[in-house]
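Chain by chain, the residues:
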Amino acid sequence: MNYIELNVRNIGQAFGWTFTDYGPEYTEFSDGAMKGGFTTLAPPSPAGGPLVILYAKQLEAARGSVIAAGGIISCDIFAFPSGRRFHFKDVDGYELGVWSKT
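First things first, this report covers the structure right here in the doc. (Residues numbered from 1 in each chain as written. Predicted model: local features only at pLDDT ≥ 70, side-chain atom pairs only at ≥ 80, totals over all residues. Heavy atoms only, no water.)

### Thoughts on the overall build of the protein
At step 1: Helix and strand content of the protein: one helix and eight strands.
At step 2: For 102 residues, the compact-globule formula gives about 13 Å, and the C-alpha radius of gyration of the protein, at 14 Å, lands near that figure.
At step 3: With the C-alpha coordinates aligned to their principal axes, the bounding extent of the protein is approximately 40 × 30 × 25 Å.
At step 4: When burial is assessed residue by residue, the protein has 29% of its 102 residues classed as buried.
At step 5: Computed over 8 positive and 10 negative side-chain charges, the separation of the two mean positions in the protein equals 4 Å. (Helix = DSSP H or I, 4+ residues; strand = E, 2+ residues; numbered from the N terminus. Rg over C-alpha atoms; globule rule 2.2 N^0.38 Å. Buried < 20%, exposed > 50% of the residue type's maximum accessible area, 1.4 Å probe, protein only. Lys, Arg positive; Asp, Glu negative; His and termini not counted. Charge placed at Lys NZ, Arg CZ, Asp CG, Glu CD.)

Here's what the structure looks like:
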């Protein structure tokens, strides 16, 4: 696991963390040991919980491995300020993300 992301209604500050804004809908947080993000781009999940994001050196290969293992792509590869990523649902229905710098 490399990063967590939470969908929220409002982006606010708590716990003395540092923040890096990437526009009005996204901010990255750091608590000194872990980084993550808060976004208002999607509604919060009624079940709660973060989006766990994994890192892969080769994004397309990781996407192929996910599909071969029975995962379903829920958001295909897209670019964002630090790289590219995709989201998928595993065979148990958990949604995860995978990102790469390239």
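### Description of the layout of surface pockets
At step 1: Considering only enclosed or pocket space, the largest pocket measures out at about 830 Å³ in volume.
At step 2: E5, T39, L51, R85 and H87 are the residues nearest the centre of the largest pocket, which is lined by 29 residues in total.
At step 3: Elements with a contribution of two residues or more to the lining of the largest pocket: β1 (3-7), β3 (26-30), β5 (51-55), β6 (72-80), β7 (83-89) and β8 (95-100).
At step 4: Taken together, the residues that form the lining of the largest pocket break down as 16 nonpolar, nine polar and four charged. (1 Å grid on protein atoms, 1.4 Å probe; cavity = no way out; pocket = protein on both sides within 12 Å on 5 of 7 lines; lining within 4 Å. Points joined across faces, edges and corners; volume = space filled by probe spheres on them. Nonpolar A, V, L, I, M, F, W, Y, C, P; charged D, E, K, R; others polar.)

### Here's the deal with the pairing of β1
At step 1: As paired elements, β1 and β5 share three bridges and run antiparallel to each other. Residue pairing in the sheet places E5 in a bridge with L51 of β5.
At step 2: Looking at chain direction, β1 and strand β4 (residues 35-39) are connected through four bridges and run parallel. By the bridge assignment, L6 is partnered in β4 with F38. (Pairing = 2+ DSSP bridges.)

### Considerations on the packing of aromatic side chains
At step 1: In this structure the tally under the stated criterion is seven aromatic pairs.
At step 2: Ring geometry for F78 and F80: centres 6.5 Å apart, planes at 55°, overall tilted.
At step 3: Under the relative-accessibility criterion, F78 is labelled partly exposed at 28%.
At step 4: We classify F80 as partly exposed; its relative accessible area is 25%.
At step 5: Ring-pair connections join several aromatic residues into one group, and the members of that group are Y55, F78, F80 and W99. (Phe/Tyr/Trp six-rings, centres within 6.5 Å; stacked < 30°, edge-to-face > 60°.)

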